[in-house]
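Topology and contacts: notes
Here is how the chains run, residue by residue.
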Amino acid sequence: MDNNVMKALRSCPLFAGMSEIEIELTLGNVSHQLVSLPSHEVYALAGMPCKYVDIVVNGILICRMAALSGKQVEVSRLHSGNMVAPAFIFSKDRSLPVSVETDGKVQLFRMRPEELKRLIDMDETIRMNYIRILSNIDVFLTQKMKVLSLFTVREKVAYLLMERVGEQGSNEVHLERSRQEIADSFGIQKFSLLRVLSDFEKEGAIEIHGRTIKILDRRKMLK
């Protein structure tokens, strides 16, 4: 198996705790293929059914959700090792809630849902990993609902920055999305986001350099 493909599969939560040999032997029992998509290709439109079990090998998939006004808001980016819509693979309604587009060239490791079912039936590790993936999605959505419905604007911005600190493993956070896209994803006005960031900077909590924000004092953001 190609090194890039194996690297992506090893980082995929579905194969957590499995060695390269175990992954390769397990996948030898099911049909799968590699799929290449060009840059700015529509992977799926909102409302289309989830037909495949896809894992990103190379490139980035951007997921966007449309507001009632018709404006699209970026909700997530899928990188190498990420599964596409794992919660919808076996759901009763498999309609995707987001539109998905490639950002540059993308390579996918693809199986059909019945092949994933075979893996789940055959391998206890994969079975538990898939259950854990679904559980983590539930936890994430519960936390997201809490943030959107109960947090103040200041708390939302602090939560965003601390979340990025955890993801990137550094006190210097690089924001992939624009200020407008970030504001839209939290359901707040752009000027409210900019005001809070300005307040954080004046209070000595952060330093802002374009899309890079350095966290100086976490406590000052949470007061």
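Residues numbered from 1 in each chain as written. Predicted model: local features only at pLDDT ≥ 70, side-chain atom pairs only at ≥ 80, totals over all residues. Heavy atoms only, no water.

On to the overall build of the protein chain. Check the secondary structure of the protein chain and you find eight helices and eight strands. Structurally, the protein chain occupies a C-alpha span of about 60 × 40 × 30 Å along its principal axes. Counting over 223 residues, the protein chain shows a buried share of 39%. For the protein chain, contacts bridging at least 24 residues in sequence account for 68% of all contacts bridging at least 6. When the accessible surface of the protein chain is summed, it comes to about 12,500 Å², and 53% of that surface belongs to carbon and sulfur atoms. (Helix = DSSP H or I, 4+ residues; strand = E, 2+ residues; numbered from the N terminus. Buried < 20%, exposed > 50% of the residue type's maximum accessible area, 1.4 Å probe, protein only. Contact = heavy atoms within 4.5 Å. Areas by Shrake-Rupley, 256 points an atom, 1.4 Å probe, with all protein chains shown as cover.)

Within the fold, Gln 107 resides in strand 5 (residues 99-111). Classification of Gln 107 as buried rests on a relative accessible area of 19%. With residues near it in sequence (within four places) discarded, Gln 107 still touches Leu 34, Val 35, Ser 36, Ile 55, Val 56, Val 57 and Asn 58.

Okay, helix 5 (residues 153-168) next. Compared with an ideal rise of 1.5 Å per residue, which puts 16 residues at 22 Å, helix 5 spans 23 Å between its outermost C-alpha atoms and is within 8% of the ideal. Among all positions of helix 5, only Lys 156, Val 157, Ala 158, Tyr 159, Leu 160, Leu 161, Arg 164 and Val 165 are buried. Note on helix 5: the residue one or two positions beyond its end, Gly 169, has a positive phi of about 65 degrees. (Expected span 1.5 Å × (residues − 1).)

A few words on the packing of aromatic side chains. Counted by the stated rule, this structure contains two aromatic pairs. On the numbers, 6.0 Å between centres and 85 degrees between planes, the contact of Phe 90 with Tyr 130 is edge-to-face. Remark: Tyr 130 occurs in helix 4 (residues 124-150) and Phe 90 occurs in the loop between strand 4 (72-78) and strand 5; sequence separation between them is 40 residues. Note on Tyr 130: relative accessible area 7%, which makes it buried. The interplanar angle of 90 degrees and the centroid separation of 6.1 Å between the aromatic rings of Phe 151 and Tyr 159 together place this pair among those described as edge-to-face. Phe 151 gets classed as partly exposed once you look at its relative accessible area, which sits at 22%. Across the ring face of Tyr 52, the terminal group of Arg 110 is positioned such that the distance to the ring centre comes to 3.9 Å. (Phe/Tyr/Trp six-rings, centres within 6.5 Å; stacked < 30°, edge-to-face > 60°. Lys NZ or Arg CZ within 6 Å of the ring centre and 35° of its normal.)

Pairing within the open sheet is antiparallel, and its three strands lie in the order 6-8-7. Two strands bound the open sheet, and with one partner strand each, they are strand 6 (172-174) and strand 7 (206-209). Neighbour to neighbour, the strand axes of the sheet diverge by 20 degrees on average, direction disregarded. Seen against the sheet, helix 5 touches strand 6, strand 7 and strand 8 (212-215) and runs at an angle of roughly 95 degrees to strand 6. The sheet contacts of helix 7 (residues 190-202) involve strand 7 and strand 8, and relative to strand 7 the element is tilted by about 120 degrees. (Pairing = 2+ DSSP bridges. Axes fitted to C-alpha atoms, helices over the stretch in contact; angles between N-to-C directions.)

Okay, the layout of surface pockets next. Roughly 1,800 Å³ of volume is contained in the largest pocket. Going through the elements one at a time, strand 3 (53-66), strand 4, helix 4, helix 5 and helix 6 (179-186) are the ones with two or more residues in the lining of the largest pocket. Here the lining of the largest pocket gets nine residues from one element, more than from any other, and that element is helix 4. By residue class, the composition of the lining of the largest pocket is 29 nonpolar, nine polar and 10 charged. One number sums up the size of the second largest pocket: a volume of about 160 Å³. (1 Å grid on protein atoms, 1.4 Å probe; cavity = no way out; pocket = protein on both sides within 12 Å on 5 of 7 lines; lining within 4 Å. Points joined across faces, edges and corners; volume = space filled by probe spheres on them. Nonpolar A, V, L, I, M, F, W, Y, C, P; charged D, E, K, R; others polar.)

From the geometry alone we can't say anything about function, so treat these as descriptive.
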